[in-house]
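What follows is the residue order along each chain.
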Amino acid sequence: MANGLLEGQRAVVTGAGQGIGLAIAEGLASHGARVAIADLDGDRAVAAASALKSAESLGLACDVMNETDVDDVAAKVVDAWGGIDIWINNAGVTRDASLRNMTPEDFDLVIGVHLRGSWLGVRKAAEVMRETGGTIVNISSMSGKVGNPGQTNYSAAKAGIVGLTKAAAKELAHRGIRVNAIQPGLIKTPMTAAMKAEAFAATEATIPMGRAGNPSEVAGAAIFLASPLSSYMTGTVLEVSGGRGM
Ligand code: NAD
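Worth saying up front: this structure is predicted, and the values here are computed from it rather than measured.

Enquirer: Explanation requested: the overall build of the chain in the structure shown.
Expert: The secondary structure content of the chain amounts to 9 helices and 7 strands. Relative to a compact globule of 246 residues, whose C-alpha radius of gyration would be 18 Å, the chain shows 17 Å and is just as compact. Along the three orthogonal principal directions, the C-alpha set of the chain runs to about 50 × 35 × 35 Å. When each of the 246 residues of the chain is scored for burial, the buried share is 50%. Taking contacts inside the chain between residues at least 6 apart in sequence as the whole, the part at least 24 apart equals 68%. In the structure as shown, the chain presents an accessible area of about 11200 Å², 55% of it carried by carbon and sulfur atoms.

Laid out in C-alpha cells, this is it:
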C-alpha cells in the first residue's frame, strides 16, 4: 500500500531481477520511490522494472563486479531522475563446496560479486550522494555472522560486507549518508530453492520461529533502513532471521 514514505525518492537496487532484491524494489516502489532495477540478467531487469507499481522505473543490465557497469547504472539514473537517494547492494551468488572441493574460481567469484560488487556500489553511491546525502543498504547474511560449513567463500564475503558497512558509515556520516546492513537468515528465493530439500529442512528446523522467511520480510527491514524512520541509525546490522543465529 502506498503511503508516501518514500515519495519522490530515487532508488537503485542491484540483483533485483528476482528474489529478495525484487521484493525490495517492489517495497520501495509501493512506498512511492522511483526504482531502478540493475541485474546481470538485463532482460529480467527490464521485465521486473516494467512490472513495478511505481510512477517511474528503470531496468538496467549490470554486472556489479564491473566498475564501468556500476558507473553506467548511476549515470543513467542521474540522467533520468537527477540524483540517487537510496542504493541497495543486494546482488549475490553462491558457489557452495567444502574446503576440499572449493576452487579458487569459486572463491574469487563469490568474493567478487558480494564484496567487490558492494564496495563498487557503496563508492559510486557515495560519490553521487556527496552533496545531497542519502541511504545505502548492504545485504549481508547470517552466514557472515555465524559461518556456515560449505560456505567459506560466502561467509567471508558476507562478513566483509559488515566491515565495509561500518567503515563506510564512519567515513560518510558527516555527508548525511547513512550506511547500514541486513543479515537475512533462510529466505525462500530462487537461490535457496536450489538447495537440497533435506538441507533446507535441516536449516529450517534450527529457526526459533519455525519457518523460513519470505523476501518481503527482508524488504521490510530494507525499507526501514532506506527511509527517514531510521534517520539516526548508521553502521548497524539488522538480523532478519526468525531468531536463527541470535
Ligand atoms: P537470487 O539468486 O534469487 O537472486 C540474486 C539476483 O542477483 C539474480 O537476479 C541474479 O541475476 C543477480 N546477480 C547475480 N550476480 C550478479 C552480478 N554479478 N551483477 C548483478 N546482478 C547479479 O538470490 P536471493 O536469495 O534473492 O539473494 C539476494 C541477496 O540476499 C544476496 O546477496 C544473497 O546472498 C542474500 N541472502 C540471501 C539469503 C536467502 O536465504 N535467500 C539469505 C541471506 C542473504
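After that view of the structure, there is still more to cover.
Enquirer: Would you mind showing me how to read the sheet that holds strand β5 (residues 134-139) here?
Expert: Either a parallel or an antiparallel arrangement is found when strands of a sheet pair, and the pairing is made through backbone hydrogen bonds. Ordered in space as β3-β2-β1-β4-β5-β6-β7, the 7 strands form an open sheet in which the pairing is parallel. Every other strand in the sheet has two partners, leaving β3 (57-61) and β7 (237-240) as the edge strands with one partner each. For this sheet, the mean inter-axis angle between neighbouring strands, taken without regard to orientation, is 15°. Across 5 bridges, the pairing between strand β1 (residues 10-14) and strand β2 (residues 34-39) is parallel. Residue pairing across strands places Val13 opposite Ile37, the latter belonging to β2.

Enquirer: When you look at the site of the ligand in this model, what are you seeing that I'm missing?
Expert: Near the ligand lie 30 residues; those nearest to it are Ile20, Asp39, Asn90, Tyr154 and Thr189. Between the ligand and Asn90, the relevant distance is 2.7 Å, taken from an oxygen atom to a main-chain nitrogen or oxygen of the residue. Between an oxygen atom of the ligand and a side-chain N or O atom of Thr189, the distance comes to 2.5 Å. For the ligand, the accessible surface in isolation is 830 Å², of which the surrounding protein chains cover 94%. When residues of the shell around the ligand are assigned to their parent elements, the largest contribution, 3 residues, is made by helix α7 (residues 190-193). For the shell around the ligand, the per-class residue count stands at 14 nonpolar, 12 polar and 4 charged.

Enquirer: Looking at this structure, I do not really get the pattern of salt bridges. What am I missing?
Expert: Oppositely charged side chains are able to pair whenever their charged atoms sit close together. Scanning the model with the defined rule gives 9 salt bridges in all. Residue Glu67 is joined to Arg123 by a salt bridge in which the shortest nitrogen-to-oxygen separation is 2.8 Å. Of the two residues, Glu67 is situated in helix α3 (residues 67-81) and Arg123 in helix α4 (residues 104-129); the sequence distance between them amounts to 56 residues. Accessibility expressed as a relative area gives 37% for Glu67, which makes it partly exposed. What makes Arg123 partly exposed here is its relative accessible area of 37%. For Glu131, the salt bridge goes to Arg175, with nearest N and O atoms at 3.8 Å. Placement of Glu131 in the loop between α4 and β5 and of Arg175 in the loop between α6 (152-172) and β6 (177-184) is noted, with a sequence separation of 44 residues between them. Since its relative accessible area comes to 68%, Glu131 is described here as exposed. Here Arg175 falls in the partly exposed class, since its relative accessible area comes to 27%.

Enquirer: For this particular structure, what's the right way to read helix α1 (residues 19-30)?
Expert: Given 3.6 residues per helical turn, the α-helix brings residues three or four places apart onto the same face. The first and last C-alpha atoms of α1 sit 17 Å apart over 12 residues, in line with the 16 Å expected at 1.5 Å per residue. Across the 12 residues that make up α1, a large majority, 10, are buried. Here α1 has its buried residues at Gly19, Ile20, Gly21, Leu22, Ala23, Ile24, Ala25, Gly27, Leu28 and Ala29. Just beyond α1, the residue with positive phi is Gly32, at close to 105°.

Enquirer: Looking at this structure, I do not really get the environment of Glu67. What am I missing?
Expert: Distance in space between the C-alpha atoms of Glu67 and Trp81 is 21 Å, their sequence separation being 14 residues. Setting aside anything within four residues of it in sequence, one finds Glu67 in contact with Arg116, Leu120 and Arg123.

Enquirer: What is the right way to look at the side chain of Ser118 in this model?
Expert: Following the sequence through the fold, Ser118 ends up in helix α4. Note on Ser118: relative accessible area 4%, which makes it buried. Excluding residues that lie within four positions of it along the chain, Ser118 makes contacts with Asn89, Val113, Ile161 and Leu164.

Thresholds, definitions, all that
Residues numbered from 1 in each chain as written. Predicted model: local features only at pLDDT ≥ 70, side-chain atom pairs only at ≥ 80, totals over all residues. Heavy atoms only, no water. Helix = DSSP H or I, 4+ residues; strand = E, 2+ residues; numbered from the N terminus. Rg over C-alpha atoms; globule rule 2.2 N^0.38 Å. Buried < 20%, exposed > 50% of the residue type's maximum accessible area, 1.4 Å probe, protein only. Contact = heavy atoms within 4.5 Å. Areas by Shrake-Rupley, 256 points an atom, 1.4 Å probe, with all protein chains shown as cover. Pairing = 2+ DSSP bridges. Axes fitted to C-alpha atoms, helices over the stretch in contact; angles between N-to-C directions. Near = heavy atom within 4 Å. Polar contact = N/O pair within 3.5 Å; in protein donor to acceptor, adjacent residues only side chain to side chain. Nonpolar A, V, L, I, M, F, W, Y, C, P; charged D, E, K, R; others polar. Salt bridge = Lys/Arg side-chain N within 4 Å of Asp/Glu carboxyl O. Expected span 1.5 Å × (residues − 1).

Function cannot be read off these values alone, since they describe shape.
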